[in-house]
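Per-entry structural report
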Amino acid sequence: MMNRFLFRAGQLGALGMLALLGLVDMRTFVMFGPHLAAPQILMPMAVAAVWLPEHRPGSVALGRGAVLAGLASLGLTWYLHVVYGVTSMWGLAETAALLGMLFVAARRAPAPHAVTAIVLVTAAVGVLPLRGNLTSTAVIFGLALALAATAAAGAGMYLRTLDGNRRRAVDAVRAEQRAEFARDLHDFIAHHVTGIVVQAQGARFIAEQDPKRVLLALEQIEQAGAETMASMRRMVGVLRDPESRPDAPLAPVAGVPDLAALVEQFTAAGGPAARLHVDGDTSGLPVEVSTSAYRIVMEALTNARQHAPDASSVVVLLTRTPRQLLLRVTNDGPAPRHPTSRDRPGYGLVGLAERVRAVGGRITAGPGVDGGWIVDAVLPLEWSVQ
């Protein structure tokens, strides 16, 4: 809102300045007759009409208008000097309008149009004092105006570079967020879908023995499916058009406080009995650490369900020290076999490793000394980007 107000105020200020310079010019132009005064009064108005409106970066209309304005000014200079040979016809309003055109075109016009416009408008500004006689004073004024035009174009190019750097930075952050959502899609959706599959398989076996338990399994499947669809809609919506969903969360809100519910859901879904042990106060954790810990546990539980179906228990140990959050997830099932070419690639652990490295931590996964599978992670509570 403030930027819009400042832009409108700048437009009004530029119009007021051009109007004042135009009044000064009219006192000089009227002595040469309306046929000479009219084109020099209309020229700054036409130029201002091109660059004063708001233009988006890469505006083709602005680029073409700037090129035409430069050609028109050069043509008017040739017309006044060669055809009439008049003197003292240097328009201040036209000069200011052309300098404004240079600045805006250098910043907003497409690159090919901007280069052409800079060359033409700079030349047009430089020869404005030559509309009268070719005196040394006119040449000096022309050189001074050419330097002013160069400065205006340089300022526009500088801001154009800053805008480009800002857009690239935003695009990089947006690409990183989209990759983040892609990993979230795996972490959350794969976990819920795997639980749905396990519950559906269990419901098929208990249907003949205890039909009432099938209703409970169906309720759990329905709840997991609803959560899955909600997560998918949110994430896919942002992936499709991030700008249309400015209120969408940039990261899942689930963290360490939700681990107890996650472990309970895992056990209720028919997986091995899971237990959560917490040592230390886990309140006030940095959000990056809290959400990373949640994702690590979720991926470890999902892998235990998929790769260790014979495990009898899964233990989640969470320990907070003054400087670190230590996390260990163990199961007593056999170590998973090496994946074959038909297995899905392990995006889960790869994504977790990227997340953990991003917060300055480390994670390892491998078979335990007494069997089973262990996932260890160390997440620093204070970290800095090197």
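Residues numbered from 1 in each chain as written. Predicted model: local features only at pLDDT ≥ 70, side-chain atom pairs only at ≥ 80, totals over all residues. Heavy atoms only, no water.

The subject of this paragraph is a nonpolar patch on the surface. A cluster of nonpolar side chains, Trp78, Tyr79, Val82 and Val83, forms an exposed patch at the surface whose accessible area comes to about 400 Å². For tyrosine 79, the position within the fold is in helix H3 (residues 60-84). Residue class for tyrosine 79 comes out partly exposed when judged on its relative accessible area of 31%. (Patch = residues over 30% accessible without salt bridge, like charges linked within 9 Å, V, L, I, M, F, W, Y side chains within 5 Å. Areas by Shrake-Rupley, 256 points an atom, 1.4 Å probe, with all protein chains shown as cover. Salt bridge = Lys/Arg side-chain N within 4 Å of Asp/Glu carboxyl O. Helix = DSSP H or I, 4+ residues; strand = E, 2+ residues; numbered from the N terminus. Buried < 20%, exposed > 50% of the residue type's maximum accessible area, 1.4 Å probe, protein only.)

Let us now look at the pairing of strand S4 (residues 362-367). In terms of strand pairing, S4 meets strand S5 (residues 373-380) through six bridges, oriented antiparallel. When the sheet's bridge partners are listed, arginine 362 is paired in S5 with valine 378. (Pairing = 2+ DSSP bridges.)

As a further point, take the pattern of salt bridges. With the rule as written, the count across this model stands at three salt bridges. As a salt-bridge pair, aspartate 163 and arginine 107 come within 3.0 Å of each other at their nearest N and O atoms. Taken together, the residues aspartate 163 in helix H6 (residues 136-206) and arginine 107 in helix H4 (residues 92-108) connect sequence positions 56 residues apart. Accessibility expressed as a relative area gives 24% for arginine 107, which makes it partly exposed. Between aspartate 376 and arginine 328 there is a salt bridge, and its shortest N-O distance comes to 2.7 Å. Residue aspartate 376 is found in strand S5, and its partner arginine 328 is found in strand S3 (residues 324-331); the two are separated by 48 residues along the sequence. Residue class for aspartate 376 comes out partly exposed when judged on its relative accessible area of 23%. Among the charged side chains, a network of salt bridges with common partners joins Arg107, Asp163 and Arg166.

Before going further, it helps to spend a moment on the sheet that holds strand S2 (residues 313-320). Within the open sheet, the five strands sit side by side as S1-S2-S3-S5-S4. Their pairing is mixed. Of all the strands in the sheet, the pair left with one neighbour each is strand S1 (273-279) and S4. Neighbouring strand axes in the sheet, compared pairwise and without regard to direction, differ in orientation by 10 degrees on average. In this structure, S3 lies alongside S5, joined through eight bridges in antiparallel fashion. By the bridge assignment for S5, threonine 330 is matched with isoleucine 374. Of the strands in this sheet, S1 and S2 touch helix H8 (residues 259-268), which is tilted by about 165 degrees from S1. Seen against the sheet, helix H9 (residues 287-307) touches S2, S3, S4 and S5 and runs at an angle of roughly 10 degrees to S3. (Axes fitted to C-alpha atoms, helices over the stretch in contact; angles between N-to-C directions. Contact = heavy atoms within 4.5 Å.)

Now for H9. Across its 21 residues, H9 extends 30 Å between first and last C-alpha, which sits within 8% of the 30 Å expected from 1.5 Å per residue. Within H9, 17 of the 21 residues are buried, leaving the element largely enclosed by the surrounding structure. (Expected span 1.5 Å × (residues − 1).)

Taken residue by residue, the chain gives an average pLDDT of 78. The fraction at 70 or more is 77%. Counted against residues more than four places away or in other chains, residues 244-252, with its pLDDT under 50, gives 12 contacts. This model gives residues 339-346 a pLDDT under 50, and the stretch forms four contacts once residues within four places in sequence are excluded. (pLDDT = per-residue confidence, 0-100.)

This part covers helix H5 (residues 111-126). For H5, spanning 16 residues, the distance from its first C-alpha to its last is 22 Å, which sits close to the expected 22 Å at 1.5 Å a residue. Taken together, the buried positions of H5 are occupied by Ala114, Ala117, Leu120, Val121, Thr122, Ala124, Val125 and Gly126.

Okay, the packing of H4 against H5 next. Running from N to C, H4 and H5 point in directions that differ by 165 degrees, and their axes come no closer than 10 Å. In terms of their interaxial angle, H4 and H5 are classed as roughly antiparallel. H4 and H5 meet at a crossing whose hand is left-handed. Judged by residue contacts, Leu98, Leu99, Met101, Leu102, Ala105 and Ala106 of H4 engage Ala114, Ala117, Ile118, Val121, Thr122, Ala124 and Val125 from H5. The residue inventory of the contact of H4 with H5, partitioned by class, reads 12 nonpolar, one polar and no charged. (Parallel < 35°, antiparallel > 145°, perpendicular 65-115°, else oblique. Left-handed = near helix turned anticlockwise from the far one by under 90°. Nonpolar A, V, L, I, M, F, W, Y, C, P; charged D, E, K, R; others polar.)

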